[in-house]
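Read off the chains here:
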Amino acid sequence: MKIDFEKSDGLVPVIVQHTNTLQVLMLGYMNKEALEKTETEGKVTFFSRSKGRLWTKGETSGNYLMVEDIRTDCDNDTILIKAKPIGPTCHTGKTSCFDGDKTTSRGFLYELEKVIEQRITDNTEGSYTAQLFSKGINKVAQKVGEEAVELVIESKDDNLELFKNEAADLMYHFLILLKTKNLRLEDIEEVLSDRHK
C-alpha cells in the first residue's frame, strides 16, 4: 500500500469494520509508524492525537482489534481495516462507537455462519449443528425441505411470531446446507448481486 501520509500532515483517517458483520466499529488516525506496527503485530494501533503517541487499541483493557484485512481508498489517503474485536470496541463498553450494540440483520447472518462453521469444525459435543452436519448432505437437505414446508404452512396463517420462527429455522438450516456444499453466504449474495446488474 502506498499511503499518502503527507496530504494531512502525517496522519490519515482509519475506519475499522467488524470482519464478519461489517459493522463500523470506530474511527481513528494512523501515522506511518502506527501502520507498520499494526501490520507487524496484527493488532490495530493508532496515533493518539490527544496523547501524542502510538496507542494500540486494547493496550489497557485487553479489548484488542485483531487485523484481518487492510485496504486503502482510491486516493490513498484513508485506510479501511477489517478486524475481529476481542471484547467491546467503544470505551463505553458498547460494540461500536457509532451505533452501540446494534448489529444489522445481514451482519448477524454472517456472525451465525461463523458460529455454525466453528461448531462443525470443532465437532462440539452435544451440538445439534455438528450432529446434523455429520449425517451428510441428504439429511441436511431433507431438513431444509421440512423447514421450507413448515414456513409455507405458517405463511397461510396470521400468526407472525410462528412465521418468523419458521423463517429463522429455514435460514439456519440453509446455512448448514451451504456449509455441506462448501459454499458461503457471500457466494449466494454474489449471485443475487450479479442478477441485479
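All of these numbers come straight from a predicted model, not from anything done at the bench.

## A short note on the UniProt feature "domain: Phosphoribosyl-AMP cyclohydrolase" (unreviewed entry) in the protein
The sites that UniProt annotates as "domain: Phosphoribosyl-AMP cyclohydrolase" (unreviewed entry) are residues 26-98. With 14% helix and 38% strand, residues 26-98 has end C-alpha atoms that lie 7 Å from one another.

## What about the pairing of strand β2 (residues 24-30)?
Of the strand pairs in this sheet, strand β1 (residues 12-18) and β2 are connected by six bridges, and their pairing is antiparallel. Bridging from a neighbouring strand, P13 pairs with Y29 of β2. Hairpin remark: β1 followed by β2, antiparallel, with five residues in the connecting loop; positive phi at L22, about 65°.

## Examining the nonpolar core
Ranked by internal contacts, the top residues of the largest apolar core, which has 17 residues, are V16, M30, V44, I79 and I81. Those elements that provide at least two residues to this core are β1, β2, α1 (32-41), β5 (65-72) and β6 (79-85). Setting aside anything within four residues of it in sequence, one finds V44 in contact with V16, M30, T38, W55, T56, K57, L65, V67, I81 and A83. Counting residues in each nonpolar core, the second largest holds 15 residues, with L112, I116, V144 and L178 among its members.

## Digging into the pairing of β5
The pairing of β5 with β6 spans seven bridges and is classified as antiparallel. Within the sheet, the bridge partner assigned to L65 lies in β6 and is P85. With antiparallel pairing between neighbouring strands as the criterion, β5 and β6 make up a hairpin whose turn holds six residues, including N76 at a positive phi of roughly 60°.

## Considerations on the packing of helix α4 (residues 137-155) against helix α5 (residues 160-180)
In contact at an axis separation of 9 Å, α4 and α5 are set at 160° when each is read in the N-to-C sense. The pairing of α4 with α5 is recorded here as roughly antiparallel in orientation. Where α4 crosses over α5, the two elements pack in a sense that is left-handed. For the pair α4 and α5, contact is made by I137, V140, A141, K143, V144, E147, A148, E150, L151, E154 and S155 and by L162, F163, E166, A167, D169, L170, H173, F174, I176, L177 and T180, respectively. When the residues that make up the contact of α4 with α5 are grouped by side-chain class, the tally is 13 nonpolar, three polar and six charged.

## As for the side chain of S96
Summarising the element assignment, S96 is placed in the loop between β6 and α2 (105-122). Residue classification places S96 among the buried positions, given a relative accessible area of 2%. Looking at S96, its side chain comes within polar contact range of the main-chain nitrogen of F98, at 2.9 Å. Contacts of S96, omitting those with residues within four sequence positions, involve Q23, V24, L25 and C90.

Calculation criteria
Residues numbered from 1 in each chain as written. Predicted model: local features only at pLDDT ≥ 70, side-chain atom pairs only at ≥ 80, totals over all residues. Heavy atoms only, no water. UniProt positions renumbered as here; feature names shortened; annotations may be inferred. Helix = DSSP H or I, 4+ residues; strand = E, 2+ residues; numbered from the N terminus. Pairing = 2+ DSSP bridges. Core = buried A, V, L, I, M, F, W, Y, C linked by side-chain atoms within 4.5 Å. Buried < 20%, exposed > 50% of the residue type's maximum accessible area, 1.4 Å probe, protein only. Contact = heavy atoms within 4.5 Å. Axes fitted to C-alpha atoms, helices over the stretch in contact; angles between N-to-C directions. Parallel < 35°, antiparallel > 145°, perpendicular 65-115°, else oblique. Left-handed = near helix turned anticlockwise from the far one by under 90°. Nonpolar A, V, L, I, M, F, W, Y, C, P; charged D, E, K, R; others polar. Polar contact = N/O pair within 3.5 Å; in protein donor to acceptor, adjacent residues only side chain to side chain.

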